[in-house]
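# A structural walkthrough
Chain by chain, the residues run as shown.
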Amino acid sequence: DAGITQSPRHKVTETGTPVTLRCHQTENHRYMYWYRQDPGHGLRLIHYSYGVKDTDKGEVSDGYSVSRSKTEDFLLTLESATSSQTSVYFCAISEDPQPQHFGDGTRLSIL
Amino acid sequence: SQQGEEDPQALSIQEGENATMNCSYKTSINNLQWYRQNSGRGLVHLILIRSNEREKHSGRLRVTLDTSKKSSSLLITASRAADTASYFCATTPTGGGNKLTFGTGTQLKVEL
């Protein structure tokens, strides 16, 4: 869908371990986003990027960092995972700010 | 904090009936969008309506926007089983650039 690949699709890890999720796009879109989706909260923006090495914080950025060294890749890192970060993580891309096109998500469980 | 709140949270209808979902939001917006999410998949963009528009159509979809009431509705006509999904409204606040704020969604089930 829209040339977006998220990896891994599923991951189970332990509290305190570092975790990196990858979003790869083949559309050459300028904007990339990371969201988390939790029951009762809809999707909440974690971080986004408006170009290579240009990133900004979203609504729920604490505990997360991002990097974008190439147009096609946007990485989300949990430096020390906590159980509250158990969630489904979605990457999205857009050329203009809207609309956004989403990947199929990464289901992350932190035990 | 959630900008949009959808109503109802869940809706079950028979195939062929119309489905109406509502979205309310809190601040002034540049535009409002509706997305669909099938189980286990990412969101798919359905339609965007700008703050200076009142109604927009796309196929079996009709979206209205009332900025005075800070509300929008999504109507799906002649629903099909394949329309079973969760539907989310998302707003771009005035001056909010490219940041989207999503509501909590309406789960639609269309039964045969």
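Above this text sits the structure in question.
First, a word on what this report is: a plain description of the structure on this page. Keep in mind it's a predicted model, so treat the numbers as computed, not measured.

### Brief notes about the nonpolar core
Counting residues in each nonpolar core, the largest one holds 21 residues, and the members touching the most others are Leu32, Trp34, Leu74, Ile76, Tyr87 and Leu108 of chain B. If you list the elements that add at least two residues to this core, you get strand S3 (19–24), strand S4 (29–37), strand S5 (43–50), strand S7 (61–66), strand S8 (71–76), strand S9 (85–93) and strand S11 (106–111) of chain B. Setting aside its immediate chain neighbours within four residues, tyrosine 87 of chain B contacts Glu6, Met21, Tyr35, Arg36, Leu46, Leu74, Ile76, Gly105, Thr106 and Leu108 of chain B. In this structure, Cys23, Leu78, Tyr89 and Cys91 of chain A belong to the second largest nonpolar core, which totals 19 residues.

### Concerning the sheet that holds strand S1 (residues 4–7) of chain A
All names here are of chain A. Reading across from one edge, S1-S3-S8-S7 is the order of the 4 strands in this open sheet, with antiparallel pairing throughout. Edge positions in the sheet fall to S1 and strand S7 (64–70), since each has one partner strand and no second. Going across the sheet, the axis of each strand differs from the next one's by a mean of 15°, ignoring polarity. In terms of strand pairing, strand S3 (residues 19–25) meets strand S8 (residues 73–78) through 6 bridges, oriented antiparallel. Along S8, the bridge assignment pairs cysteine 23 with phenylalanine 74.

Conventions used here
Along every chain, residues carry numbers that run from 1 in the direction the sequence is written. Each chain is given a letter, starting from A, and each ligand a number, starting from 1, according to the order in which they appear as written. Local features in this predicted model are restricted to residues whose pLDDT is 70 or higher, and side-chain atom pairs enter the listing and the counts only when it is 80 or higher, whereas totals over whole chains, interfaces and linings include all residues. To get the side-chain values, take all heavy atoms of the structure and skip hydrogens and water. What we call a nonpolar core is a set of buried Ala, Val, Leu, Ile, Met, Phe, Trp, Tyr and Cys residues that are connected through their side-chain atoms within 4.5 Å. Each residue is assigned to one of three classes by its accessible area relative to the maximum for its type, calculated with a 1.4 Å probe on protein chains only: buried under 20%, partly exposed between the two thresholds, exposed over 50%. Secondary structure elements follow DSSP: runs of H or I of four or more residues count as helices, runs of E of two or more count as strands, with numbering from the N terminus. Should any heavy atoms of two residues lie within 4.5 Å, those residues are considered in contact. One bridge is not enough; two strands pair if DSSP finds at least two bridges between them. Between N-to-C directions, angles cover 0 to 180 degrees, with each direction set by a line fitted to C-alpha atoms, over the stretch in contact for helices.

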